[in-house]
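Okay, here's what each chain looks like letter by letter:
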Amino acid sequence: QKEVEQNSGPLSVPEGAIASLNCTYSDRGSQSFFWYRQYSGKSPELIMFIYSNGDKEDGRFTAQLNKASQYVSLLIRDSQPSDSATYLCAAGDSSYKLIFGSGTRLLVRP
Amino acid sequence: DTAVSQTPKYLVTQMGNDKSIKCEQNLGHDTMYWYKQDSKKFLKIMFSYNNKELIINETVPNRFSPKSPDKAHLNLHINSLELGDSAVYFCASTRTGVNTEAFFGQGTRLTVV
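For the structure given in this document, a descriptive report is provided here. Residue positions are given per chain, counted from 1 along the sequence in the order it is written. For this description, chains carry letters from A and ligands carry numbers from 1, given in the order in which they are written. A pLDDT threshold of at least 70 governs which residues receive local features in this predicted model, and a stricter bar of 80 or more applies before side-chain atom pairs are shown or counted, although totals over entire chains, interfaces and linings include all residues. Neither water nor hydrogens contribute to the side-chain values; these are computed over all heavy atoms in the structure.

### Thoughts on the packing of aromatic side chains
For step 1, the next point in the chain: Two aromatic rings, drawn from Phe, Tyr or Trp (for Trp, its six-membered ring), form a pair once their centres lie within 6.5 Å of each other, and the interplanar angle then sorts them: stacked below 30 degrees, edge-to-face above 60, tilted otherwise. A full pass over the atoms with the stated rule returns 12 aromatic pairs over all chains.
For step 2, the next point in the chain: Centroid distance B:Y35 to B:F104: 5.8 Å. Interplanar angle 50°. Geometry classified as tilted. Linking B:Y35 in strand β4 (residues 31–37) with B:F104 in strand β10 (residues 103–104), this pair joins segments that are 69 residues apart in sequence. One exposure class covers both B:Y35 and B:F104, and it is buried.
For step 3, the next point in the chain: What links up through ring pairs into an aromatic cluster is the set A:F34, A:Y36, A:F49, A:Y51, A:F100, B:Y33, B:Y35, B:F90 and B:F104.
For step 4, the next point in the chain: Lysine NZ or arginine CZ positioned within 6 Å of the ring centre and within 35 degrees of the ring normal marks a charge as sitting over the ring. Over the ring of A:F49 we find A:K56, and its NZ or CZ is 3.7 Å from the ring centre. Working definition: helices are DSSP H or I runs of at least four residues, strands are E runs of at least two. Numbering for both runs from the N terminus. Classification of residues uses two cut-offs on accessible area relative to the type maximum, computed with a 1.4 Å probe and protein chains only: under 20% is buried, over 50% is exposed, and between them is partly exposed.

Okay, here's the thing in structure tokens:
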């Protein structure tokens, strides 16, 4: 069974700190990886996607992918209270299937 | 304009009833999905259709039957509702391809009493 695993948290960081969210996946056939943010009672919204090994930066967000270790991470610099949400990691393969982890709850303390 | 829209947003019903959730996307995407999110926030894929053809059918009770009249619509019908069906159901759509993001509807919170 293909799985994506995340620590459920909560991960608590002070405002202005770097939040580091991690994710591992079991299927070596996974080709693309996504980070979604979900506020309570809302639908998931895409923050970033990555499909090549290394880092990808977009504003305060950096996604990192290590296919050899089957590991994906999301760094949030200068964390803000508005970043408090559940962050979902997802892995996609060529079969159209997008497998989600259970999410990590992030709390940014003012 | 809402990209992926689901109706209803809330659904409260008694055990044993039959209910439907509708989903429509105006993004021109070819692939649509139904996901179930339980109380622990775990998003589990249920079904996927590509150009009206069923391509993913996870281990879901056959009380759940998806229907795609065209590639812009994917509805979910649930027969004989059970307490354990209570969850938030999300519809999503993507373009065909591997590295494409999924756009989600606002979710339907189903409560079975």
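### Things to note about the sheet that holds strand β7 (residues 64–70) of chain B
All names here are of chain B.
For step 1, the next point in the chain: A pair of strands is considered paired only if DSSP assigns at least 2 bridges between the two. Here we have four strands laid out as an open sheet, ordered β1-β3-β8-β7, and antiparallel in their pairing. Taken across any chain shown, the strands that pair with only one partner, and hence form the sheet edges, are β1 (4–7) and β7. The mean inter-strand angle of the sheet, taken between neighbouring strand axes irrespective of direction, is 15°.
For step 2, the next point in the chain: The pairing of β7 with strand β8 (residues 73–78) spans five bridges and is antiparallel. Its bridge partner being in β8, F64 is matched across the sheet by I78. Where helices are involved, their axes are fitted lines through C-alpha atoms of the stretch in contact, as for all axes, and angles between N-to-C directions lie from 0 to 180°.

### Some thoughts on the interface of chain A and chain B
For step 1, the next point in the chain: Counting residues at the interface gives 20 residues for chain A, matched by 24 residues for chain B.
For step 2, the next point in the chain: Joining two parts hides part of their accessible area as seen by a 1.4 Å probe, and the buried area is that hidden amount summed over both. Taking both sides of the interface into account, the surface hidden between chain A and chain B amounts to around 1,900 Å²; carbon and sulfur atoms contribute 59%.
For step 3, the next point in the chain: Among the residues chain A hides against chain B, the three largest losses belong to A:Y96, A:K97 and A:F100. Together they make up 32% of the total.
For step 4, the next point in the chain: A carboxyl oxygen of Asp or Glu within 4 Å of a side-chain nitrogen of Lys or Arg is what we treat as a salt bridge. Taken together, chain A and chain B are joined by zero salt bridges.
For step 5, the next point in the chain: As used in this structure description, the phrase polar contact means that two N or O atoms lie within 3.5 Å; if the pair is within protein, one of them must be able to donate a hydrogen and the other to accept it, and residues adjacent in sequence are counted only when both atoms belong to side chains. Linking chain A to chain B there are four residue pairs in polar contact (both at pLDDT 80 or more).
For step 6, the next point in the chain: Contributing elements (two or more residues each) for the side of chain A that touches chain B: β4 (32–38) and β10 (98–100) of chain A.
For step 7, the next point in the chain: Of the residues forming the side of chain A that touches chain B, the biggest block, four residues, is contributed by β4(A). Residue contacts are counted whenever heavy atoms from the two residues lie within 4.5 Å of one another.

### A look at the pairing of strand β8 (residues 71–76) of chain A
Within a regular strand, side chains alternate between the sheet's two faces.
Residue and element names in this part refer to chain A.
For step 1, the next point in the chain: Across six bridges, the pairing between strand β3 (residues 19–25) and β8 is antiparallel. Each bridged residue has a counterpart across the sheet, and for T24 the counterpart in β8 is Y71.
For step 2, the next point in the chain: Bridge analysis of strand β7 (residues 61–66) against β8 gives six bridges, and the strand direction is antiparallel. The residue of β8 that forms the bridge with Q64 is S73.
For step 3, the next point in the chain: Between β7 and β8, which pair antiparallel in sequence order, lie four residues; one of them, Q70, sits at a positive phi of approximately 55°.

### A few points about the pattern of salt bridges
For step 1, the next point in the chain: Inspection of every chain in the model, using the stated rule, returns six salt bridges over all chains.
For step 2, the next point in the chain: With a closest N to O distance of 3.2 Å, A:R37 and A:E45 form a salt bridge.
For step 3, the next point in the chain: Its salt-bridge partner being B:R63, residue B:D85 comes within 2.8 Å of it at the nearest N-O pair. Within this pair, whereas B:D85 is found in the loop between β8 and β9 (87–94), its partner B:R63 is found in the loop between β6 (53–57) and β7, the two being separated by 22 residues in sequence.
For step 4, the next point in the chain: Residue classification places B:D85 among the buried residues on the basis of a relative accessible area of 4%.
For step 5, the next point in the chain: The exposure class assigned to B:R63 is buried, which follows from its relative accessible area of 13%.
For step 6, the next point in the chain: In the salt-bridge network here, residues are joined through shared partners; they are B:R63, B:E82 and B:D85.

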